[in-house]
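Now for the letters of each chain:
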Amino acid sequence: MVSYGPQQRVYVPELRADWLTQSFVHWAYSPAQIQLLLPRGLAVDTYDGSAWVSLTPFVMAGVRPPGSPASLPPFTETNLRTYVRGPDGRDGLWFLSIEVACPVMLAARAMGVPYRLGRLALARHGDTVAYTGVRWGGGPRYRLVVRPGEPVRPSRLDVWLTSRWRAFTLRWGVLWETPVEHAPWPLRETRLEAMEETLTRAAGLPPPVARPIVHFSDGVRNVRLGVSHPVRRRGRVRDRSVPGG
């Protein structure tokens, strides 16, 4: 079962950060469409028969890479993710792509994290928040404008879409798992003002057609990412951790 709070403690974090000013845009897809994008060993997770893909732009602050005595300056990041279950049935995330404005983060590609460098920006205009991004080299892009409202008590679907406590990656044909610990997301009512994107198409999906579910959060602090470790399973898998790469 997906839980509202973290499912494990991360006592020795590999990386600490704050995830701030985060929006979530969620689209429903057929499970068969999503399963085609997953490596062997991962199964698409569903809610009431639908698979989901989420676009999540936010600010990374207070990031301290391993061995660094100082934090990096804040930077913007945008994830395109889907919801999966590992070989043991536990739920987690699979990232279809990750756009980032900080070149230092590209080092994580060695662990199969699909970072792509781009020009990303976040701006506030009155009571709206606008996110824009384009991958270097004239690749996929997006523009998102949301209007956050009052705090809400998360529904079961809200929790299912926002509360995941591990991520899977693929490195040299081996599936890896990274645990994460942070406080539950404080969610707010959110109105979608504008949405344009080509990230889904670049990831191998048809463009979304239904109106998405949208969330906004002021963020969570003291996020702790644990040390990645191989997932125990038989055989090897084909490396699809970097779509289009």
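So, here is what we can say about the structure in this document. The numbers attached to residues start from 1 for each chain and follow its sequence in the written order. This being a predicted model, a pLDDT of at least 70 is required before a residue's local features are given, and a value of 80 or more before pairs of side-chain atoms are given or counted; all residues contribute to the totals for chains, interfaces and linings. Just so you know, side-chain values use all the structure's heavy atoms and leave hydrogens and water out.

1. Focus on the pairing of strand S1 (residues 15–29)
- Remark: exposure states derive from per-residue accessible area (1.4 Å probe, protein chains only) relative to the maximum for the residue type, with buried under 20%, exposed over 50%, and partly exposed in between. Comment: elements are numbered from the N terminus, with helices defined as DSSP H or I runs of at least four residues and strands as E runs of at least two. Counting buried residues along S1, 13 of its 15 residues qualify, which places the element largely inside the surrounding structure.
- Whether two strands pair comes down to DSSP finding at least two bridges between them. As paired elements, S1 and strand S12 (residues 213–225) share ten bridges and run antiparallel to each other. Opposite Ser 23, over in S12, you have Phe 216 as the bridge partner.
- Examined bridge by bridge, S1 and strand S3 (residues 51–64) share nine bridges and lie antiparallel to one another. What sits directly across from Tyr 29, in S3, is Ala 51.

2. Quick word on the packing of aromatic side chains
- Side-chain rings of Phe, Tyr and Trp (the six-membered ring for Trp) are treated as a pair once their centres are within 6.5 Å; stacked means planes under 30 degrees apart, edge-to-face means over 60, and tilted covers the remaining angles. According to the stated counting rule, one finds five aromatic pairs in the structure shown.
- Taken together, the ring pairs connect Trp 19, Phe 24, Phe 58 and Trp 185 into an aromatic cluster.
- The residue whose ring lies beneath Arg 164 is Trp 160, and the NZ or CZ to ring-centre distance is 4.4 Å. Whether a charge sits over a ring comes down to the Lys NZ or Arg CZ being within 6 Å of the ring centre and within 35 degrees of the ring normal.

3. Regarding the side chain of Thr 162
- Position of Thr 162 among the secondary structure elements: in helix H2 (residues 156–162).
- Excluding anything up to four places from it in sequence, Thr 162 contacts Phe 24, His 26, Arg 81, Trp 185, Leu 187 and His 215. By definition in these notes, contact holds between two residues if any of their heavy atoms fall within 4.5 Å.

4. Some thoughts on the side chain of Ser 54
- With respect to the secondary-structure elements, Ser 54 resides in strand S3.
- Given the relative accessible area of 0%, Ser 54 is considered buried.
- Polar contact criterion, stated in full: a pair of N or O atoms within 3.5 Å, where within protein one must be able to donate a hydrogen and the other to accept it, and residues adjacent in sequence count only if both atoms are side-chain atoms. Polar side-chain contacts of Ser 54 include one of 2.6 Å to the side chain of His 26.
- Polar side-chain contacts of Ser 54 include one of 2.7 Å to the side chain of Tyr 83.
- Among residues more than four places away in sequence, those in contact with Ser 54 are Val 25, His 26, Asn 79, Leu 80, Arg 81 and Tyr 83.

5. A closer look at the pairing of strand S5 (residues 91–100)
- The element S5 is extensively covered by neighbouring structure, given that ten of its ten residues are classed as buried.
- Taking the residues that link successive antiparallel strands as the turn, the strand S4 (residues 75–85)-S5 hairpin has five residues, and the phi of Gly 89 there is positive, at about 90°.
- Sheet topology note: the S5/strand S9 (residues 166–171) ladder contains two bridges and is parallel. Bridge assignment links Trp 94 to a residue of S9, and that residue is Phe 168.
- Examined bridge by bridge, S5 and strand S6 (residues 115–125) share three bridges and lie parallel to one another. Among the inter-strand pairings, Glu 99 is bridged to a residue of S6, identified as Arg 116.

6. Side note on unusual backbone geometry
- Even without being glycine, Asp 48 reaches a positive phi, approximately 50°.
- Tracing the backbone through its elements, the reader meets Asp 48 in the loop between strand S2 (43–44) and S3.
- The class for Asp 48 is exposed, based on a relative accessible area of 73%.
- Here the phi dihedral of Trp 172 falls at roughly 55°; this positive angle occurs in a residue that is not glycine.
- The residue Trp 172 is located in the loop between S9 and strand S10 (174–181) in this model.

Keep in mind these numbers describe shape, not what the thing actually does.
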